[in-house]
Amino acid sequence: MKRLSKCFLNMLIVLYLGIIYFSGVPETNTLNTRIKKQASAVALGIGIWPSWSMFAPNPIRFDSKSFVEVTYKNGVMKEHDVEIEPKGPLAPFRKARWMKYAQDNLRSPNQKGLLDPAIRYFRNKYDDKANPIVSIKIKRKWSEVHPFSNHSIPSISKTPRIEKNEILITKTIGE
Amino acid sequence: MLSLKTFVEGWDRFFYSTTDATALCSFRIMFGLFLFLNGISLVEDFEVWFGIGSNALVPLQDSFTFYKNFRINIYKWLSPTEFSAWLVLVTYIATSFFVMIGFKTRISTIICFILMVSMQNRNYSILNSGDTLMRCMLFLMMFAPTQVKYSVDAYLKKNKDEPFETEISILTIRLLQLQFSLVYLATTLFKLKGYDWVDGSAVYYTSRLVNFQRIVLPIVFDYPFLVKFATWSALFIEFAMGSLVWVKELRLPVLISGLLLHLLIEISMSIGFFEWVMISSYILFLAPKEIFWLKARFKLLLPQFGRA
């Protein structure tokens, strides 16, 4: 291999490794934080942005579900799960996407932009021409896992939970 | 003390030696299969994730305004119609199939990568670590000579009496291996920043997430000492996959531990393509004779299935 092309290739290798390293690992110092910003911008641009913080730094301690509550003109109220229950051999992969959307992103304060389109989508999905929707709510219910104890822990199938819920958005149709 | 000359020689040996293409080309088949299944699994929910107007949970226009900086997103250059959206998915499925069988491999891999990045930029709200891993690996696959063995391209070349050279540069395999190791190293560093993994309680919480549960393993996660053992073992294996896998004598034990960890996670939790792509990447760390050994065992098993 010619010396110049090898030198160029070595530069590309170092550059690539630098980008995946600094954009992929957590910040530990000021230099690292600054380089991470630049590295992440390049990684995002060329399509190699990472996301390796799986169940880290601490795993979540609750099960979360999002629901759509639809109120019709005649006063009937119906609640639907945002997620669908996929069937077939590829169901686990489809379910993983629905879970990511409904359990992680839709409830996230950083992803509030997802709520309005979700309202439009569910209005379209559940509307009834003869009995139109007058109000839609998207809410989430979650249950926190009982804290871990070094002495004894409840069985996996009988772990106590603390049930909670919150309304993420309410939309009155015709507003 | 390490001299500069020794370092340069080591660097050259590490990145510029040659190797047999068996591992890389076997990986291409398995990886291509997951790319293909990924595409197929998008078909049924396509309207919801990638549709146009109020048929979609994330409108097309919102996906353009979500990012300020440059991103690869082919949807920006296509007309905002259902046809265009479907065209992207169908082309992605076709090219991922071509990657799997090794037909027009290089150009198929490039197109597949561009379309995958575009779809991920089109709808960021459904991405999990499996999507991220596939995208990062596919980027490197664009530069790798994955067509030289077990491919339609290789078959056609052989028929023309111009077979591919199967002794290839190790460079892209090394980069794929480094990317693979970095996933483990990064996740270990992220986990060490928290306290649940360090104090040994993390697996208690993950095992009790009903939404992720697939098969509930009895007893294993019901005692504090077993939970701590499972948590620290998982953390150590992830650290080993990011570091000790590079030590010649430890490579096989580390790979086997990693494989068991992924299989256990796959049995007990449902987390998409991540486990499968990770498992298929293990092949990149195998020597050709180890792959042939596996292939021979697999062939021995096949007639058994046939008889059953």
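The structure displayed is predicted, hence computed values, not measured ones.

A. Local environment of the domain arrangement of chain A. Domain annotation of chain A identifies domain 1 (3-46) and domain 2 (62-172). Relative placement of domain 1 of chain A and domain 2 of chain A: their C-alpha centres are 39 Å apart.

B. Molecular detail of unusual backbone geometry. In this structure, Pro57 of chain A follows Ala56 of chain A across a cis peptide bond, with omega equal to 0°. Note that Pro57 of chain A resides in the loop between α2 (30-46) and β1 (62-72). Phi at Phe55 of chain A takes a positive value of approximately 50°, unusual for a residue other than glycine. On the secondary structure map, Phe55 of chain A appears in the loop between α2 and β1. Given the relative accessible area of 23%, Phe55 of chain A is considered partly exposed. Its identity is not glycine, yet Asp161 of chain B carries a phi of approximately 65°, on the positive side. Here Asp161 of chain B shows up in the loop between α8 (152-159) and β2 (167-169).

C. Quick peek at the environment of Leu226 of chain B. Of note, Leu226 of chain B is situated in helix α11 (residues 224-242). Considering only alpha carbons, one finds Leu226 of chain B and Tyr204 of chain B, 22 residues apart in sequence, at a separation of 9.5 Å.

D. The side chain of Gln120 of chain B, seen in detail. The residue Gln120 of chain B is located in helix α6 (residues 105-122) in this model. According to the relative accessible area criterion, Gln120 of chain B is buried, its value standing at 4%. When neighbours within four sequence positions are excluded, Gln120 of chain B is seen to be in contact with Trp49 of chain A together with Tyr67, Leu127, Asp131 and Arg135 of chain B.

Criteria and thresholds
- Residues numbered from 1 in each chain as written.
- Chains lettered and ligands numbered in written order.
- Predicted model: local features only at pLDDT ≥ 70, side-chain atom pairs only at ≥ 80, totals over all residues.
- Heavy atoms only, no water.
- Domains from an automatic or database assignment.
- Helix = DSSP H or I, 4+ residues; strand = E, 2+ residues; numbered from the N terminus.
- Buried < 20%, exposed > 50% of the residue type's maximum accessible area, 1.4 Å probe, protein only.
- Contact = heavy atoms within 4.5 Å.

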